[in-house]
Structure formats: structure tokens, C-alpha cells
Amino acid sequence: MYFDITYFDEKYEPQSIQLICDKCGEYIEVNYDNEYISRAQSEYCFVTDGSKIICKCGNECQNGLIEPKKNQKIVYTQQTSPILNKPKCPTCSSTNVQKIGTGERMASVAMLGMFSKKINKSFKCKNCGYT
């Protein structure tokens with residue numbers, strides 16, 4: 001069997017893994033909290049000593065390391081996707097935003113004083129210029 005995906009929760013705790021049977025190609029989903037899986041990462045998992053996972057076709061996965069098939073692209077779940085944690089512009093919904101640095105904010109306040117537009121702002125949109 002080959003490793004396919006690990007599903008994580010919002011705290012990056014593994015919830016379940018998905019394996020692919022190397023004989024029939026069937027996807028097998030195993031909950032992380034059962035006795036079969038001792039450790040799961042984004043790219044591999046370990047089957048607990050003395051345990052085995054059995055596919056519907058009868059193919060068995062013995063204990064030990066399960067890695068992805070060679071040249072297999074690792075697919076990350078939503079929780080590990082960097083785009084989800086990136087802020088977006090409330091005006092144009094673009095994720096092409098830049099954090100306003102402390103130095104830039106201080107320079108603006110020094111030049112414009114209380115009239116500075118950057119006093120209570122954190123990000124600036126690179127598309128529409130909204131702060």
C-alpha cells in the first residue's frame with residue numbers, strides 16, 4: 001500500500017489518513033485514533049507494530065512505514081494550505097496584500113501626524129491600494 005493524504009484539524013492534529021492499495025487502486029481511509037496508526041505526518045505514516053490494514057481485495061499492509069509511491073505528488077489538505085491563513089482585501093477580495101511595517105507607519109505619522117492614514121492599519125492591498 002501507498003500513502004496518499006493525511007487529514008488534519010485546525011490545530012494541525014492528524015484526524016485520518018488515506019492509503020491507496022497497490023493491487024486494486026482502492027482508497028482506504030483510516031481514522032488516526034484507532035490502534036492501527038501510530039504516527040502520521042504530511043508525507044508518510046506508521047502502522048503500529050503487530051497491526052495490519054487489509055484492503056477489500058485482500059491485500060495486506062504490514063506494520064512499519066508507509067510512504068507515497070515514487071514520483072507521486074503529495075497533496076496537502078486545506079488545513080496546511082498557506083492561502084487559507086492569508087488576509088484578503090475587504091474591498092476587492094484580493095490576497096495580494098502586504099503588511100505595513102512599523103518603520104513605514106512611524107514615518108507616515110512623523111510626516112503627517114494625526115492625519116496619517118496608516119495609524120491603525122496593518123495591511124495594504126497591492127491591487128486597489130486599500131489599507
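Residues numbered from 1 in each chain as written. Predicted model: local features only at pLDDT ≥ 70, side-chain atom pairs only at ≥ 80, totals over all residues. Heavy atoms only, no water.

## Here's the deal with the nonpolar core
With 15 residues, the main nonpolar core has Leu19, Ile28 and Ile53 as its most contacted residues. When contributions to this core are tallied by element, the ones reaching two or more residues are strand E2 (14-20), strand E3 (27-31), strand E4 (37-40) and strand E5 (45-47). Discounting residues that sit within four places of it in the chain, isoleucine 53 has contacts with Met1, Leu19, Ile28, Val30, Tyr36, Ile37, Val47, Asn59, Glu60 and Cys61. (Core = buried A, V, L, I, M, F, W, Y, C linked by side-chain atoms within 4.5 Å. Buried < 20%, exposed > 50% of the residue type's maximum accessible area, 1.4 Å probe, protein only. Helix = DSSP H or I, 4+ residues; strand = E, 2+ residues; numbered from the N terminus. Contact = heavy atoms within 4.5 Å.)

## So, the sheet that holds E4
Taking strand neighbours across the sheet as the criterion, the 3 strands line up as E4-E5-E8 in an open arrangement whose pairing is antiparallel. With one partner strand each, in any of the chains shown, E4 and strand E8 (64-66) form the two edges of the open sheet. Strand after strand, the sheet turns through a mean of 25° between neighbouring axes, direction not considered. (Pairing = 2+ DSSP bridges. Axes fitted to C-alpha atoms, helices over the stretch in contact; angles between N-to-C directions.)

## Details of the pattern of salt bridges
Inspection of the entire model under this criterion finds 1 salt bridge. Residue glutamate 60 is joined to lysine 52 by a salt bridge in which the shortest nitrogen-to-oxygen separation is 3.6 Å. On the basis of relative accessibility, which here comes to 36%, the residue glutamate 60 falls in the partly exposed class. (Salt bridge = Lys/Arg side-chain N within 4 Å of Asp/Glu carboxyl O.)

## Looking at the pairing of strand E1 (residues 2-8)
Note on strand geometry: in a regular strand, side chains alternate between the two faces of the sheet. With 5 of its 7 residues buried, E1 lies for the most part within the structure. Sheet analysis places E1 next to E2, joined by 6 bridges and oriented antiparallel. Paired with phenylalanine 8 across the strands is proline 14, a residue of E2. Here E1 folds back onto E2 in antiparallel fashion, the turn holding 5 residues, of which tyrosine 12 has a positive phi close to 60°.

## Remarks on the pairing of E2
Extensive coverage of E2 is indicated by the burial of 6 of its 7 residues. Here 5 bridges tie E2 to E3, and the two strands are oriented antiparallel to one another. By the bridge assignment for E3, serine 16 is matched with asparagine 31. Two successive antiparallel strands, E2 and E3, enclose a turn made up of 6 residues, where glycine 25 displays a positive phi of approximately 80°.

## Observations regarding the state of the cysteines
All chains considered together, the criterion is met by 0 disulfides. Between cysteine 24, a free cysteine, and cysteine 55, which holds the nearest cysteine sulfur, the sulfur-to-sulfur gap is 3.5 Å. A relative accessible area of 43% places cysteine 24 in the partly exposed class. The structure places no disulfide on cysteine 45, whose sulfur is separated from the nearest cysteine sulfur, that of cysteine 61, by 7.2 Å. Among the residues examined, cysteine 45 registers a relative accessible area of 0% and is labelled buried. (Disulfide = S-S within 2.5 Å.)

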